[in-house]
Amino acid sequence: MSKPDIGSDIQRMTAYCTYCPKMCRFTCPASSAEGRETVTPWGMMRLFELAADGSVPLDDDVAETFFHCTGCRRCQTFCAHDNDVPRALWQARRWAVKSGFLPQAYHDLYERFQESNTPYGESAFEIDESPFAAGATIGYWPDCSTVEHRPHIIAPIGRLLSQITGQKVRLVRSADFDRPPCCGFPLTAAGIEDTESCRHERWPALNELEQVWTDCPALAAWNHSDSSWSANARPEDPEIGHIFTLLAEELPNIGDPENPLDADDALLHQSCYVARQLDALDSVAEILAHICKSTPQQMAYSDEESPCCGGRCHYRVLEPEASGEAAKRVVESLDRNDDARRMVTTSSMCRHAMNSATDDELVTSILELVCLAYEC
Ligand code: SF4
Ligand code: SF4
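Rules behind the numbers
Residues numbered from 1 in each chain as written. Chains lettered and ligands numbered in written order. Predicted model: local features only at pLDDT ≥ 70, side-chain atom pairs only at ≥ 80, totals over all residues. Near = placed C-beta within 6 Å. Helix = DSSP H or I, 4+ residues; strand = E, 2+ residues; numbered from the N terminus. Nonpolar A, V, L, I, M, F, W, Y, C, P; charged D, E, K, R; others polar. Pairing = 2+ DSSP bridges. Contact = placed C-beta atoms within 7 Å. Axes fitted to C-alpha atoms, helices over the stretch in contact; angles between N-to-C directions. Buried ≥ 20, exposed ≤ 12 C-beta atoms within 10 Å, placed from the backbone. Domains from an automatic or database assignment. Core = buried A, V, L, I, M, F, W, Y, C linked by C-beta atoms within 7 Å. Parallel < 35°, antiparallel > 145°, perpendicular 65-115°, else oblique. Left-handed = near helix turned anticlockwise from the far one by under 90°. Arc of directions from axis to C-beta.

## Some thoughts on the site of ligand 2
Of all residues adjacent to ligand 2, which total 15 residues, the nearest are C28, P41, C69, C72 and C75. For the shell around ligand 2, the elements supplying multiple residues, two or more each, are α2 (29-34), α5 (74-77) and α6 (85-98). Of the residues that constitute the shell around ligand 2, the class distribution is 10 nonpolar, three polar and two charged.

Rendered as C-alpha cells:
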C-alpha cells in the first residue's frame, strides 16, 4: 500500500488533533447526528495520521471513516490551531479512492454523474430560458441544487442579473446534456476525482465568457484562495464569483427594491460554505440590509459559528439518515425563538436539505428573497 503524499501542513494538522482534548467535539454535525466518536474531527484526523504512517492498515472500514465530514469547517472556528480539517480529509479521501477503497454509496453517485453530469440523474422539468442570451459575455452557472429543486427560480435570477449588469446573461449549460451541469464538486468531495480532472473533463465550455456568477458556494470556493479546496485559476477560464458578491456591491446602484421585505419573523441560517469557505458574511448582511425593512433574527450560534445542516450532497449520499437528522436539528432552532416562524438560509442546497428533512416549507433562501423584493 503506498503512503499518501501529504505535505508538512497536513502532518502538522493531524498531529495537533492527536494531542488535542477535542475542543471542537460539539461542533461537528456528522458526529452529533451519527452519535459516533470515530467520526468526530479528532477521530477522523487521528485515524488519518495512523493510516498515513502505516500504523493502521488502510482497509474498507478505515477508508470509509474519512468520508464523514461535510466540509463545514465549524470545527475550525473553535480550534486553537485553526486546523482546516476538510482540507486534510479531502486528501485522505483521494488517497483512499486511489488505493481502491471507494465507499459503496458513491458508486451510484458516480454513475449518475456519468449519465447526467449532476448528482441527481435525469430530470423531466423544463427551464424557462427566455431571460438568457447565448452570446452574452456574463454567465450564470446555477447551483445544481437550484437546478434540481428550484428550477423555476432560474429565470427570475436571470432577470435580476440582467437588471444589475445592464445586459443579457448567458445560462451556462453543457453541450451533451439538456440542462446546466453540476461543477463536479460532489465527485471531488467523494475523492473520486481531483480538481484538475474535474475541471478538464466535466466543465462545459466557458469560452467567450468574461465573468461567471454562481449561487453554488462550493464552486465559488474553488476560486477563493482561503477555502479548503481552493485551486489555481486556469488562464482559459473566466472569473468565477459568488452572486452574493455582485449583489452586495451592485444592489444599491439599481435603487431600492419595489417590494422591501419584513423578515423579522425569520431566523437567519448562514450556510457553512458561504460563511466559512467563502467568508461572505459581510455580503449577506449588506444584501439583507438593502432588501429588508426589518432583518431576520440571529440564531444562538450565528455567523462563523453557525451550525451545519449536513445537507451537502456527498454527505447525504453516504449517510442519508444522519444528514436528515442534522438538518432537522437546525430547523428546530425555531422552537427556541418564540418570535421566529420561518428560516432564511444562504444556500440553495441547505434550503432543500432542511425542508425535505422536516417535510415542510419553513425555509427559504436569500436569493429568492432578493428576486421577490425586486419583483423579478
Ligand atoms: S480540529 Fe482543532 S480543536 Fe478539533 S481536534 Fe483537531 S486540533 Fe483539536
Ligand atoms: S468540517 Fe464540519 S463536518 Fe468536517 S469534521 Fe469539522 S465540524 Fe465535522
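Moving on from the model shown.
## Digging into the site of ligand 1
Not every one of the 14 residues close to ligand 1 is listed here, only the nearest: C17, C20, C24, C79 and N83. Listing elements by their share of the shell around ligand 1, those giving two or more residues are α1 (8-18) and α3 (41-52). In terms of residue count, the dominant contributor to the shell around ligand 1 is α3 (three residues). For the shell around ligand 1, the per-class residue count stands at 11 nonpolar, two polar and one charged.

## Quick word on the sheet that holds strand β9 (residues 342-345)
Spatial strand order, β8-β6-β9-β10: four strands in an open sheet with parallel pairing. Edge positions in the sheet fall to β8 (297-298) and β10 (363-365), since each has one partner strand and no second. Looking at chain direction, strand β6 (residues 266-269) and β8 are connected through two bridges and run parallel. Following the sheet pairing, L267 is matched in β8 by Q297. Of the strands in this sheet, β9 and β10 touch helix α19 (residues 366-373), which is tilted by about 70° from β10.

## Re helix α18 (residues 348-358)
The element α18 is extensively covered by neighbouring structure, given that nine of its 11 residues are classed as buried. Here α18 has its buried residues at S348, M349, C350, R351, H352, A353, M354, N355 and A357. On its buried face, α18 sits against α8 (144-149), β6, α16 (313-318), α17 (320-331), β9 and β10. Taken from the residues just after α18, D359 is the one with a positive phi, measuring 55°.

## Points about the domain arrangement of the protein
By the assigned domains, the protein splits into domain 1 (8-98), domain 2 (138-249) and domain 3 (258-373). Taking only C-alpha atoms, the centre of domain 1 and the centre of domain 2 are 29 Å apart. The partner domain 2 presents seven residues to the 10 residues of domain 1 that form the contact. Of the residues in the side of domain 1 that touches domain 2, the class split is four nonpolar, one polar and five charged.

## Structural notes on the sheet that holds strand β4 (residues 239-242)
Spatially, β2-β1-β3-β4 is the arrangement adopted by the four strands of the open sheet, whose pairing is parallel. Of all strands in the sheet, those with a lone pairing partner are β2 (170-171) and β4, marking the two edges. The pairing of strand β1 (residues 138-141) with β2 spans two bridges and is classified as parallel. In the strand pairing of β2, Y140 is matched with L171. Those strands touched by helix α9 (residues 154-165) are β1, β2 and β3 (211-214), and its axis lies near 150° from that of β1. Running at roughly 75° to β4, helix α13 (residues 243-250) makes contact with β3 and β4 of the sheet.

## Side note on the nonpolar core
Core analysis: the largest hydrophobic core is formed by 115 residues, its most contacted members being F48, L89, L219, I287, M354 and V370. Not counting chain neighbours up to four residues away, the residues in contact with I287 comprise F244, L247, A248, L251, I366 and V370.

## Here's the deal with the packing of helix α15 (residues 281-291) against α19
Between α15 and α19, whose axes approach to 10 Å, the crossing angle comes to 30°. Looking at the two axes, α15 sits roughly parallel to α19. For the pair α15 and α19, the sense of crossing is left-handed. Of the residues in α19, those touching α15 at V284, I287, L288 and I291 are I366, L369, V370 and A373. Of the residues belonging to the contact of α15 with α19, the class tally is eight nonpolar, no polar and no charged.

## Comments concerning the environment of F78
Looking at the element boundaries, F78 is found in the loop between α5 and α6. With 226 residues separating them along the chain, F78 and E304 place their C-alpha atoms 9.6 Å apart. Those residues in contact with F78 that lie beyond four places of it in its chain are M23, C24 and T27.

## Notes on unusual backbone geometry
With the exception of glycine, most residues fall at negative phi, and the peptide bonds are largely trans. With phi around 60°, K22 is a residue other than glycine that occupies positive phi space. Turning to its location among the elements, K22 is positioned in the loop between α1 and α2.

## Let's talk about α15
Every buried residue of α15 is accounted for by S283, V284, I287, L288 and I291. The buried side chains of α15 occupy one side of the element, clustering within an arc of 130° when seen end-on. Away from its buried face, by an angle of more than 90 degrees, α15 presents the exposed residues D282 and A289. Where α15 is buried, its residues meet α13, β5 (261-262), α14 (272-277), β7 (292-294) and α19.

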